[in-house]
Amino acid sequence: MADLSINFAGIRSPNPFWLASAPPTDKEYNVRRALEAGWGGVVWKTLGEDPPVVNVSSRYGATRYNGQRMAGLNNIELITDRPLAVNLAEIKAVKKDYPDRAIIVSIMVPCVEESWKRILPLVEATGADGIELNFGCPHGMSERNMGSAVGQVPEYVEMVTRWCKQYTRMPVIVKLTPNITNILNPARAALRGGADAVSLINTIQSVVGVDLDAMAPMPVVDGRGTHGGYCGPAVKPIALRMLGEIARTPDTSVLPISGIGGISNWRDVAEFLVMGATSLQVCTAAMHYGFRIVEDMIDGLSNWMDEKGFETIADVTGRAVPNFVNWNQLNLKFRTLAAIDQEACIKCGLCHIACEDTSHQAISKTLLNGERHYEVIDEECVGCNLCAHVCPVDDCITMVPQPVEGVQTWNEHPNNPMRKIPAKAG
Amino acid sequence: MDQTPNIAANRLPPDMLARNFSDAHPPLTAGQATIESDRCYFCYDAPCIEACPTGIDIPGFIKKISTGNIPGSARTILESNIFGGACARVCPTEILCEGKCVRNTQEDRPIQIGALQRHATDWQMRTGKQPFSRAPLTGKRIAVVGAGPAGLACAHRLAMQGHDVVVFDARARAGGLNEYGIAAYKLADEFAQKEVAFVLSIGGITIETGMLLGRDMTLTSLRADYDAVFLGIGHAGVRALGIAGEYFPGVHNAVEFIEELRTSPTKSDVAVGRRVVVIGGGNTAIDAAVQAKRLGAEEVTLVYRRAAENMSATTVEQEWAQTNDVTIRYWSAPVRIDGTEHGVASVTFARGLAKDGRAVYDQGNYTLEADMVLKAVGQLFLPDPLAEDDIVIEAGRIRVDAEGRTSMKGVYAGGDCTAGEDLTVAAVRDGRNAAEAITAALMKAGN
């Protein structure tokens, strides 16, 4: 049985599954239910200075796709709207009762040294295991020069991180915003400021949809809408890329990473781990199905690790990072071809029309003994995978790698005017 | 029907009758329709389209349901098949569109195409309007004989194309078999009449009821008075059993029993036996047997000459009969009917089996007691109304080419009076295609 416990920048947790700083971690009541359900830890919903913020009614918008609810979720809720003292007392009570769990507190106060200096000892007094700096919230708070307004300026990230390291002994996790062009800039700034770890991604600025009757972006608040922060399964690909970027870049690779972004099941978890994460934060999936989803995450991950022979999370973290390269390091001699399992084919024709209309005319449509018949034309197939993706039957279309002779990347390719010409021997 | 102690109406209380003859398969809710439409793969060159005699763009209309474009969905259906509402209810989808759904191969559970089609067409009918309008008037007048699905589909398309149409029908109400020949619970709530009104709402169509071809008019006279004629006169005859006792009181044609049910608003005046034997293997036999049971018959036995797979009623229809407590006996040929002048008493059958690919009935006889016998061994096209006319009848039906042209110039035909599957949907196709051919011919003539 795999050991799922982690030590994340000095924060110990019985498993790598934490609830992200968000509505599910706003109150003691919810947090206790989560910890009882088996979550390894929580990042308490962001604390700010009193007086607390005020939240609107009508807070979430969601993307539906072909019947799937909440493929993506968008929110316009701000940080906690409860008094600081109430939150601090609850955090203290929870930590006392769950000493083995990771209780991390998310914080967002103005970019003023005094503000951070004032709040940090109060948080530390709760017995919390660490803090997460909310430099990511892309709506509302950013209009007040907090959240992503800080996260988008590397100098501010570095400055605030440094203040935190100066005024508390707690490990400092810097939560990064994806609303930037290069994730390495704020990651490096956090590193310079002395961050113990980073977590990413925070939500992505979004208009999730438009109410065509109200003629306003959703969610609609009394006839008007605003942009929000997008999360859930739809953002996972964006998160994995940013995570991998930090994990594969030598100077930032030293930062432990808490992965966030659409994690819904153990498979997502495994993917985040092999792309460099050590802990995982979840919100949308819990908001969709409740805290019980952690059960499948725990034993699904454990079973997978047993099957692969991985004993600890450290064995898994970063496994795929060496293979995450720039395009110019891909072997141009590699070729894969689509193959249709005629026994499994249900004759829907989707592979044919996708290839015929939008790709390479590499799947023929004929009648064979009066039955529809689809066949790959190997000479035309470029191995793009589109047919395998549109096929509704699992394992009906497989991509078959062909024997490869040698390696030739773009760097060596004759079509590349900038190619490196190998020095002549002797 | 004459009532005897064993053949009586009012066997069940009115509320139970009302329930038994209400919509047998209620519509999908909006939520169910959305979920079901999302299951459709939107196949390319989809097999379901090919399996539909009217060639409805099925993936197209289902996709529109999934996006909430119900008006577009209804239009897609109705432009191929103006009787999309009736077909959604009565088509044997298990051997047509749903039978070819690719999901059968994948998971043995096709998309509920019929139910989705009903969802969209019901919406259209609730609007009280049809999505089509007439082209500029051509001044052409066309006579349609028979106000069933073939005749009305033809009339609708012709009206759309700008012609004026007069539809003649021998009966009191338009609708043909949809009105008189299908189990009440399949087209509940006066659906057939509502649909006729929907079809006619395009305008330009006049219905003349009580007009029988051969009695009140002849083909020759119609041909002289109109620019073209379409015959959708269906089956006027029923096959006899050809055995002794066929005319005892209590022995009836199933089509007449079904018609009596369809013309009774409450069903409380329709008499049914205690022990009913239905002879036949098609949908008429099933509709008669199940309705007899639902009227309150104690025992209903459907007897068929050959095996389950030889029945023209589909497996779904047979199972529907069985779940309605109808006993089906296969491999039994009727030998004789016994009774007195007061009524039928029993039917004797010979047991058979297949020998060298042929049915042989030498396995002994058995007798079923019965006070009512319903014959459903097939319907016939009767050419008598056309006896005076020079039109070719072939294998018992009016001969037509692929466009519905008969041997007589300017005369077209379709539906059950011509060769092909005896299905509502096939009749609609025939009528629609003949209308296209008529328009092409009239417009080509350039006058």
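None of these values were measured; they are calculated from a predicted model.

About the criteria used
Residues numbered from 1 in each chain as written. Chains lettered and ligands numbered in written order. Predicted model: local features only at pLDDT ≥ 70, side-chain atom pairs only at ≥ 80, totals over all residues. Heavy atoms only, no water. Helix = DSSP H or I, 4+ residues; strand = E, 2+ residues; numbered from the N terminus. Rg over C-alpha atoms; globule rule 2.2 N^0.38 Å. Buried < 20%, exposed > 50% of the residue type's maximum accessible area, 1.4 Å probe, protein only. Contact = heavy atoms within 4.5 Å. Areas by Shrake-Rupley, 256 points an atom, 1.4 Å probe, with all protein chains shown as cover. Lys, Arg positive; Asp, Glu negative; His and termini not counted. Charge placed at Lys NZ, Arg CZ, Asp CG, Glu CD. Patch = residues over 30% accessible without salt bridge, like charges linked within 9 Å, V, L, I, M, F, W, Y side chains within 5 Å. Salt bridge = Lys/Arg side-chain N within 4 Å of Asp/Glu carboxyl O. Buried area = accessible area lost by both parts, 1.4 Å probe. Nonpolar A, V, L, I, M, F, W, Y, C, P; charged D, E, K, R; others polar. Domains from an automatic or database assignment. Polar contact = N/O pair within 3.5 Å; in protein donor to acceptor, adjacent residues only side chain to side chain. Core = buried A, V, L, I, M, F, W, Y, C linked by side-chain atoms within 4.5 Å. Pairing = 2+ DSSP bridges. Right-handed = clockwise from strand over helix to strand, strands pointing away. Axes fitted to C-alpha atoms, helices over the stretch in contact; angles between N-to-C directions. Parallel < 35°, antiparallel > 145°, perpendicular 65-115°, else oblique.

1. Some thoughts on the overall build of chain B
For step 1, the next point in the chain: If you tally the helices and strands in chain B, you get 17 helices and 21 strands.
For step 2, the next point in the chain: Expected size for 447 residues packed as a compact globule is a radius of gyration near 22 Å; at 23 Å, chain B falls within 12% of this value.
For step 3, the next point in the chain: Referenced to the eigenvectors of the C-alpha coordinate spread, the extents of chain B come out at roughly 65 × 55 × 50 Å.
For step 4, the next point in the chain: Of all 447 residues assigned to chain B, the portion counted as buried reaches 55%.
For step 5, the next point in the chain: Excluding contacts between residues fewer than 6 apart, the proportion of contacts in chain B whose partners are at least 24 apart in sequence is 71%.
For step 6, the next point in the chain: Carbon and sulfur atoms form 50% of the exposed surface of chain B, whose accessible area is close to 18,900 Å².
For step 7, the next point in the chain: On chain B, the mean spot of the 45 positive side-chain charges and the mean spot of the 54 negative ones are 3 Å from each other.

2. What to know about unusual backbone geometry
For step 1, the next point in the chain: For the bond running from A:Asp50 to A:Pro51, omega is -10°, close enough to zero to count as cis.
For step 2, the next point in the chain: Locating A:Pro51 in the fold gives a position in the loop between strand 4 (41-47) and strand 5 (60-65).
For step 3, the next point in the chain: The residue after A:Leu200, namely A:Ile201, is reached through a cis peptide bond having omega 10°.
For step 4, the next point in the chain: Structurally, A:Ile201 is set in the loop between strand 10 (197-200) and strand 11 (204-206).
For step 5, the next point in the chain: Unlike most non-glycine residues, A:Asn369 shows phi in positive territory, near 50°.
For step 6, the next point in the chain: Here B:Asp45, not a glycine, exhibits a phi torsion of approximately 50°, which is positive.
For step 7, the next point in the chain: Owing to a relative accessible area of 34%, B:Asp45 belongs among the partly exposed residues under this scheme.

3. Examining a negative patch on the surface
For step 1, the next point in the chain: Where like charges cluster on the molecular surface, the negative patch consists of A:Asp341, A:Glu343, A:Asp394 and A:Asp395.
For step 2, the next point in the chain: Its place among the elements puts A:Asp394 in the loop between helix 13 (386-390) and strand 20 (397-401).

4. So, a nonpolar patch on the surface
For step 1, the next point in the chain: There is a patch of nonpolar side chains on the surface, built from A:Val207, A:Val210, A:Leu212 and A:Met215 and spanning about 440 Å² of accessible area.
For step 2, the next point in the chain: Structurally, the position occupied by A:Val210 is in strand 12 (residues 210-211).

5. Digging into the interface of chain A and chain B
For step 1, the next point in the chain: The interface is formed by 15 residues belonging to chain A together with twelve residues belonging to chain B.
For step 2, the next point in the chain: Taken over both partners, the interface formed by chain A and chain B buries close to 1,100 Å², and the fraction arising from carbon and sulfur atoms is 56%.
For step 3, the next point in the chain: On the surface where chain A and chain B come into contact, there are two salt bridges.
For step 4, the next point in the chain: Its salt-bridge partner being A:Lys365, residue B:Asp45 comes within 2.5 Å of it at the nearest N-O pair.
For step 5, the next point in the chain: Counting only elements with at least two residues in the side of chain A that touches chain B, the list comes to helix 12 (350-358) and strand 19 (371-376) of chain A.
For step 6, the next point in the chain: Among the elements that make up the side of chain A that touches chain B, the one with the highest residue count is helix 12 of chain A (three residues).
For step 7, the next point in the chain: Of the residues contributing to the side of chain A that touches chain B, the split by class is eight nonpolar, four polar and three charged.

6. Some words on the domain arrangement of chain B
All names here are of chain B.
For step 1, the next point in the chain: Structurally, chain B comprises domain 1 (7-18 + 238-379), domain 2 (40-127) and domain 3 (141-236 + 381-444).
For step 2, the next point in the chain: Counting residues at the interface gives 21 residues for domain 2, matched by 22 residues for domain 3.
For step 3, the next point in the chain: Overall, the association of domain 2 and domain 3 removes approximately 1,800 Å² of surface from exposure, summing both partners, and the carbon and sulfur fraction of that is 77%.
For step 4, the next point in the chain: Among the residues of domain 2 in contact with domain 3, Ile 82, Phe 83 and Met 125 are the three that bury the most area, contributing 38% of the side total.
For step 5, the next point in the chain: Our count for the contact surface shared by domain 2 and domain 3 stands at zero salt bridges.
For step 6, the next point in the chain: The tally of links between domain 2 and domain 3 comes to five residue pairs in polar contact (both at pLDDT 80 or more).
For step 7, the next point in the chain: Among the elements that line the side of domain 2 that touches domain 3, the one with the most residues is helix 6 (residues 84-90), at six residues.
For step 8, the next point in the chain: Per-class residue counts for the side of domain 2 that touches domain 3 are twelve nonpolar, six polar and three charged.

7. Details of the nonpolar core
For step 1, the next point in the chain: One finds A:Trp39, A:Trp116, A:Val174, A:Leu200 and A:Leu301 to be the most contacted residues of the largest nonpolar core, which totals 91 residues.
For step 2, the next point in the chain: Discounting chain neighbours no more than four positions away, the residues touching A:Val174 are A:Leu133, A:Phe135, A:Val157, A:Thr161, A:Ala190, A:Ala195, A:Ala197, A:Val198 and A:Ser199.
For step 3, the next point in the chain: Formed by 85 residues, the second largest nonpolar core is a distinct cluster that contains A:Ala362, A:Cys381, A:Cys391 and B:Val90.

8. Some thoughts on the pairing of strand 4 of chain A
All names here are of chain A.
For step 1, the next point in the chain: Burial analysis of strand 4 places seven of its seven residues in the buried class, the great majority of the element.
For step 2, the next point in the chain: The pairing of strand 3 (residues 17-19) with strand 4 spans two bridges and is classified as parallel. Paired with Leu 19 across the strands is Val 42, a residue of strand 4.
For step 3, the next point in the chain: In this fold, strand 3 hands off to helix 1 (residues 28-37), which returns the chain to strand 4; that crossover is right-handed.
For step 4, the next point in the chain: Of the pairings in the sheet, the one linking strand 4 to strand 7 (residues 102-107) comprises five bridges and is parallel in character. Of the residues in strand 7, the one forming a bridge with Leu 47 is Ile 107.

9. A look at the packing of helix 5 (residues 70-80) of chain B against helix 9 (residues 113-127) of chain B
Residues and elements named next belong to chain B.
For step 1, the next point in the chain: One can describe the packing of helix 5 onto helix 9 by two numbers: an axis separation of 8 Å at closest approach and a directional angle of 105°. Looking at the two axes, helix 5 sits roughly perpendicular to helix 9. Contacts between helix 5 and helix 9 involve Ile 70, Pro 71, Ser 73, Ala 74, Ile 77 and Leu 78 from the former and Gln 117, His 119, Ala 120, Thr 121, Trp 123 and Gln 124 from the latter.
For step 2, the next point in the chain: In terms of residue class, the contact of helix 5 with helix 9 is made up of seven nonpolar, five polar and no charged.

10. So, the domain arrangement of chain A
For step 1, the next point in the chain: Taken domain by domain, chain A comprises domain 1 (6-323) and domain 2 (328-401).
For step 2, the next point in the chain: The C-alpha centroid of domain 2 of chain A is placed 40 Å from the C-alpha centroid of domain 1 of chain A.

11. Section: the pairing of strand 5 of chain A
All names here are of chain A.
For step 1, the next point in the chain: Bridge count between strand 5 and strand 6 (residues 68-75): five bridges; the pairing is antiparallel. By the bridge assignment for strand 6, Gly 61 is matched with Asn 74.
For step 2, the next point in the chain: Here strand 5 hands over to strand 6 after two residues, with Asn 66 in that stretch at a positive phi of 50°.

12. Describing the side chain of A:Lys347
For step 1, the next point in the chain: As for its placement among the helices and strands, A:Lys347 is situated in the loop between strand 17 (336-340) and helix 12.
For step 2, the next point in the chain: When near neighbours in sequence (up to four residues on either side) are disregarded, A:Lys347 contacts A:Gln342, A:Glu371, A:Arg372, A:Tyr374, B:Pro47 and B:Val102.

13. Here's the deal with the pattern of salt bridges
For step 1, the next point in the chain: Following the criterion strictly, the structure yields 48 salt bridges over all chains and no others.
For step 2, the next point in the chain: Between A:Arg162 and A:Glu158 there is a salt bridge, and its shortest N-O distance comes to 3.1 Å. On the criterion of helical spacing, the pair formed by A:Arg162 and A:Glu158 is a turn pair, its members being four residues apart in helix 5 (residues 154-167).
For step 3, the next point in the chain: Look at A:Arg162 and you get partly exposed, because its relative accessible area is 40%.
For step 4, the next point in the chain: Two residues, B:Arg39 and B:Glu107, come together in a salt bridge whose shortest N-O distance is 2.6 Å. Taken together, the residues B:Arg39 in helix 2 (residues 30-39) and B:Glu107 in helix 8 (residues 102-107) connect sequence positions 68 residues apart.
For step 5, the next point in the chain: B:Arg39 gets classed as buried once you look at its relative accessible area, which sits at 10%.
For step 6, the next point in the chain: Assessed through its relative accessible area of 33%, B:Glu107 is described here as partly exposed.
For step 7, the next point in the chain: A single salt-bridge network, built from bridges that share partners, covers B:Glu36, B:Arg39, B:Arg103, B:Glu107 and B:Arg109.

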